[in-house]
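Here's the letter readout for the chains.
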Amino acid sequence: MTQRVLVVDDDRTVSDVICRYLEHAGYQVSHVGDGAAALAAVARQAPHLVVLDLMLPRVSGLQVCRELRERPDALPIVMLTALGDEADRILGLQLGADDYLTKPFSPRELVLRVQSVLRRAGGGPDPGRPEVLTDGGLVLRTGPRVARVDDTEMALTLREFDLLAHFMRHPSQVFTRAELLERVWGWNFGDHSTVTVHVRRLREKIEADPAVPRRIVTVWGVGYRYEPADA
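Source: prediction; values computed, not measured.

About the cut-offs
Residues numbered from 1 in each chain as written. Predicted model: local features only at pLDDT ≥ 70, side-chain atom pairs only at ≥ 80, totals over all residues. Heavy atoms only, no water. Helix = DSSP H or I, 4+ residues; strand = E, 2+ residues; numbered from the N terminus. Buried < 20%, exposed > 50% of the residue type's maximum accessible area, 1.4 Å probe, protein only. Polar contact = N/O pair within 3.5 Å; in protein donor to acceptor, adjacent residues only side chain to side chain. UniProt positions renumbered as here; feature names shortened; annotations may be inferred. Contact = heavy atoms within 4.5 Å. Phe/Tyr/Trp six-rings, centres within 6.5 Å; stacked < 30°, edge-to-face > 60°. Pairing = 2+ DSSP bridges. Axes fitted to C-alpha atoms, helices over the stretch in contact; angles between N-to-C directions. Domains from an automatic or database assignment. Buried area = accessible area lost by both parts, 1.4 Å probe. Salt bridge = Lys/Arg side-chain N within 4 Å of Asp/Glu carboxyl O. Nonpolar A, V, L, I, M, F, W, Y, C, P; charged D, E, K, R; others polar.

1. Here we look at unusual backbone geometry
Each neighbour pair has its own omega, and for Lys-103 with Pro-104 the value is -5°, a cis peptide bond. Following the sequence through the fold, Pro-104 ends up in the loop between strand E5 (99–103) and helix H5 (107–121). Unusually for a residue other than glycine, Arg-145 sits at a positive phi of about 55°. Assessed through its relative accessible area of 16%, Arg-145 is described here as buried. In this structure, Ser-172 takes a positive phi of about 65° despite not being glycine. Residue position: Ser-172 is located in the loop between helix H6 (158–169) and strand E10 (174–176).

This is the structure:
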């Protein structure tokens, strides 16, 4: 089945290039130029992924991201941000975007990011070997990508799920943010705040008290460590 990608960008030159490269990669691509049209297109077309510029007329990209994250289907989102908009980029990640690129960017890199996110959405790094990861009341099923804590299903984005699965596969092991970027995101470069934001979001969902985390703990000056419930 051909996967559908919705491109949301009001710069026609940029969007034409993005659409052309994605179509060449085999995706079915549609384009809209503002946030209100993006929300309508998602409801109408049910895309598999949205490429979302944050600087949009009518309804901002951040508001679009916020409303898409209220949907139950965890629709993957790849953000596009201007080079100097670090605060907006971090806020977009806090709202649940799965990946981002800063303008100007390579269209080929965008295609690789889209492929990576969709591959994970289709069943993780190795969909042929599903796992069940358990720790106390926390259960992750990697095949259907279902996460439960105390028998309550959690709504996790793709990256949140993959980050938590990585932590649970390597209990009591310390990882730097650079190592997590490489192992979970597949990046050998990038903004380390991406990891920080995703750790914060995970803590809000799995910790009894996110301000005093007991599962994902900070190792000051190094990175993060996952402590199993029986530690």
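2. Some thoughts on the side chain of Thr-142
Inspection of the secondary structure assignment puts Thr-142 in the loop between strand E7 (138–141) and strand E8 (146–149). On the accessibility criterion, Thr-142 (7% relative accessible area) is buried. Within the local environment of Thr-142, its side chain forms a polar contact with the backbone nitrogen of Glu-131, the two atoms lying 2.6 Å apart.

3. A few points about the UniProt feature "modified residue: 4-aspartylphosphate" (unreviewed entry) in the chain
Residues given the UniProt feature "modified residue: 4-aspartylphosphate" (unreviewed entry) here are Asp-53. Here Asp-53 lies in strand E3 (residues 49–53). We classify Asp-53 as buried; its relative accessible area is 3%. Contacts of Asp-53, omitting those with residues within four sequence positions, involve Val-8, Asp-9, Asp-10, Gly-61, Leu-80 and Lys-103.

4. Description of the packing of aromatic side chains
Using the criterion set out here, one finds 1 aromatic pair in the structure. Taking 6.5 Å as the distance between ring centres and 20° as the angle between the ring planes, the aromatic pair formed by Phe-167 and Tyr-226 counts as stacked. Residue Phe-167 is located in helix H6, and its partner Tyr-226 is located in strand E12 (residues 223–226); the two are separated by 59 residues in the primary sequence. Among the residues examined, Phe-167 registers a relative accessible area of 0% and is labelled buried.

5. Regarding the sheet that holds E5
Note: strands within a sheet are paired through backbone hydrogen bonds, in either parallel or antiparallel orientation. Spatially, the 5 strands line up as an open sheet ordered E2-E1-E3-E4-E5, and their pairing is parallel. Strand pairing shows two members of the sheet lacking a second neighbour, strand E2 (28–32) and E5, which therefore form its edges. With direction set aside, neighbouring strand axes in the sheet form an average angle of 20°. Here strand E1 (residues 4–8) runs beside E2; their pairing, made up of 5 bridges, is parallel. Across the sheet, residue Val-5 finds its bridge partner in E2, namely Val-29. Sitting on the sheet, helix H2 (residues 35–45) is in contact with E1, E2 and E3, with an inclination near 170° to E1.

6. Some thoughts on the domain arrangement of the chain
Split into domains, the chain comes out as domain 1 (4–122) and domain 2 (132–226). Here the C-alpha centre of domain 2 lies 24 Å away from the C-alpha centre of domain 1. With 20 residues of domain 1 at the contact, the number on the domain 2 side is 20 residues. Taking both partners together, domain 1 and domain 2 bury about 1,500 Å²; carbon and sulfur atoms supply 49% of that area. For domain 1, the biggest contributors to the area lost against domain 2 are Leu-93, Asp-98 and Arg-120; these three give 39% of the whole. On inspection of domain 1 and its partner domain 2, the count reaches 1 salt bridge. A salt bridge links Arg-159 to Asp-99; the nearest nitrogen and oxygen atoms lie 3.1 Å apart. The interface formed by domain 1 and domain 2 contains 4 residue pairs in polar contact (both at pLDDT 80 or more). Taken together, the residues of the side of domain 1 that touches domain 2 sort by class into 9 nonpolar, 3 polar and 8 charged.

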